[in-house]
Amino acid sequence: MSIAKTAIIHDGAQIAKDVEIGDFCVIGEGVKIDKGCKLYNGVTILGDTTIGKNNTIFPYAVLGTIPQDLKYAGEKVELIIGDNNLIREHCMFNPGTEGGIRKTIIGNNNLFMAFVHIAHDCVIGSHCILANNATLGGHIVLGDYVNIGGMTPIHQFVKIGDGAMVAGASALSQDIPPFCLAEGNRATIRGLNKHRMRKLFSSEEIDKISHFYKDLFAAVSMRAFAQEVLDSKPDTESIVKICHFILESERGIPLRKVKE
């Protein structure tokens, strides 16, 4: 273990033997940090925060401080971070609340660029990239392989499916299905994230997903069409997931209006 002399480690913190902690870091009593992690100078980690293996946390990140929710009354809540994440300068991640799932959960192999904010009760998948100043309100769910552009705020309770992308300087207030590309203020779906799809699927499956979306967006009712497709028992797992996403959406899907 390599801990700078100027770091403050409170009694009760559980830190693996090979963790590196830089100058002027503050680690609270409820914090758990697994092996292989490196904290640069000035990192603050408080609350009931669990950090997995091989995470790198850059200067002045603040993790686990109480939620920015006026209803928070000191109840026991958690921040859980997985493995192999890069958390860049000045990021702020908050734990959950009693009004949510009581946890904020972050998966593995994510990149959070500088000044990213993840609010209370969010669930972030794995292999996501959130660019500088991306801002997530409370109760947001991101799937795997999601990209959020810089300076983009996401409204509370929004869900973003696997492999989707929201462009920079957008403002998103509705749900984005898997593998879609959204842009604008307010953000609307502009197409499919073919770049990500090519990394995840065969050409044959990409063609199936693209054809499905073409019919979905042309349908009078997306929910009715999604249910109809599910009832036909499709053999493509990704299409099944997309149908369930459409049926479970609470904030709606932001389709771009075509001028007549």
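Presented here is an overview of the structure given in this document. (Residues numbered from 1 in each chain as written. Predicted model: local features only at pLDDT ≥ 70, side-chain atom pairs only at ≥ 80, totals over all residues. Heavy atoms only, no water.)

**What about the pairing of strand 12 (residues 78-81)?**
Operational definition: Working definition: with a 1.4 Å probe on protein chains only, accessible area under 20% of the residue-type maximum means buried, over 50% means exposed, and in between means partly exposed. Here a strand is any run of E in DSSP of at least two residues, a helix any run of H or I of at least four, and the numbering for each starts at the N terminus. For two strands to be treated as a pair, DSSP must find no fewer than two bridges joining them.
Burial of strand 12 is one-sided: the residues Leu79 and Ile81 facing one way are buried, the residues Glu78 and Ile80 facing the other way are not. One ladder, built from four bridges, connects strand 9 (residues 48-51) with strand 12; its direction is parallel. Among the inter-strand pairings, Ile51 is bridged to a residue of strand 12, identified as Ile81. Here strand 12 pairs with strand 15 (residues 103-106) via four bridges, running parallel. Note that in strand 15 the partner of Leu79 across the bridge is Thr104.

**Observations concerning helix 2 (residues 203-218)**
What counts here: Expected span, for any helix, means 1.5 Å times one less than how many residues it has. Here, the arc refers to the directions that run from the helix axis to the C-beta atoms. The criterion used for residue contact is that any of the two residues' heavy atoms lie within 4.5 Å.
The terminal C-alpha atoms of helix 2, which comprises 16 residues, lie 23 Å apart, in line with the 22 Å expected from a rise of 1.5 Å per residue. All of the buried residues in helix 2 are Ile206, Ile209, Phe212, Tyr213 and Leu216. Seen end-on, helix 2 carries its buried residues on one side only, within an arc spanning 130 degrees. Structural note: helix 2 exposes Ser203, Glu204, Asp207, His211, Lys214 and Ala218 on the side pointing more than 90 degrees away from its buried face. Against strand 26 (180-184), strand 27 (187-192), helix 1 (194-200), helix 3 (222-231) and helix 4 (237-248) lie the buried residues of helix 2.

**Regarding the sheet that holds strand 6 (residues 32-33)**
Read across the sheet, eight strands follow the order 3-6-9-12-15-18-21-24 without closing on themselves; strand pairing throughout is parallel. If you trace the sheet from one side to the other, it starts and ends with strand 3 (14-15) and strand 24 (159-160), each paired once. The pairing of strand 18 (residues 123-124) with strand 21 (residues 141-142) spans two bridges and is classified as parallel. Note that in strand 21 the partner of Ile124 across the bridge is Leu142.

**A few points about the side chain of Thr56**
By secondary structure assignment, the location of Thr56 is in strand 10 (residues 56-57). Overall, the relative accessible area of 19% leaves Thr56 in the buried class. Those residues in contact with Thr56 that lie beyond four places of it in its chain are Lys38, Tyr40, Asn85, Leu86 and Ile87.

**Some details on the pattern of salt bridges**
This is how the line gets drawn: When a carboxyl oxygen of Asp or Glu lies within 4 Å of a side-chain nitrogen of Lys or Arg, that pair is called a salt bridge.
Considering all chains together, one arrives at seven salt bridges under this definition. Note that Arg88 is salt-bridged to Glu89, the shortest N-O span being 3.1 Å. The partly exposed category is assigned to Arg88, whose relative accessible area is 31%. Overall, Glu89 belongs to the partly exposed group, its relative accessible area being 23%. The closest approach of N and O atoms between Arg102 and Glu98, which form a salt bridge, is 3.8 Å. Judged by its relative accessible area of 32%, Arg102 is partly exposed.

**Quick word on the packing of aromatic side chains**
Note the following rule: Here is the rule: rings of Phe, Tyr and Trp (six-membered ring for Trp) pair when centre to centre is within 6.5 Å. Planes less than 30 degrees apart are stacked, more than 60 are edge-to-face, and the remainder are tilted.
Per the stated rule, a full pass over the model turns up six aromatic pairs. Seen from their ring centres, Tyr40 and Phe58 are 4.8 Å apart, and the 15 degrees between their planes marks the pair as stacked. Of this pair, Tyr40 sits in the loop between strand 7 (38-39) and strand 8 (44-45) while Phe58 sits in the loop between strand 10 and strand 11 (62-63); the two residues are 18 residues apart in sequence, bridging distant segments of the chain. The class for Tyr40 is partly exposed, based on a relative accessible area of 30%.

The values are spatial; any link to function lies outside them.
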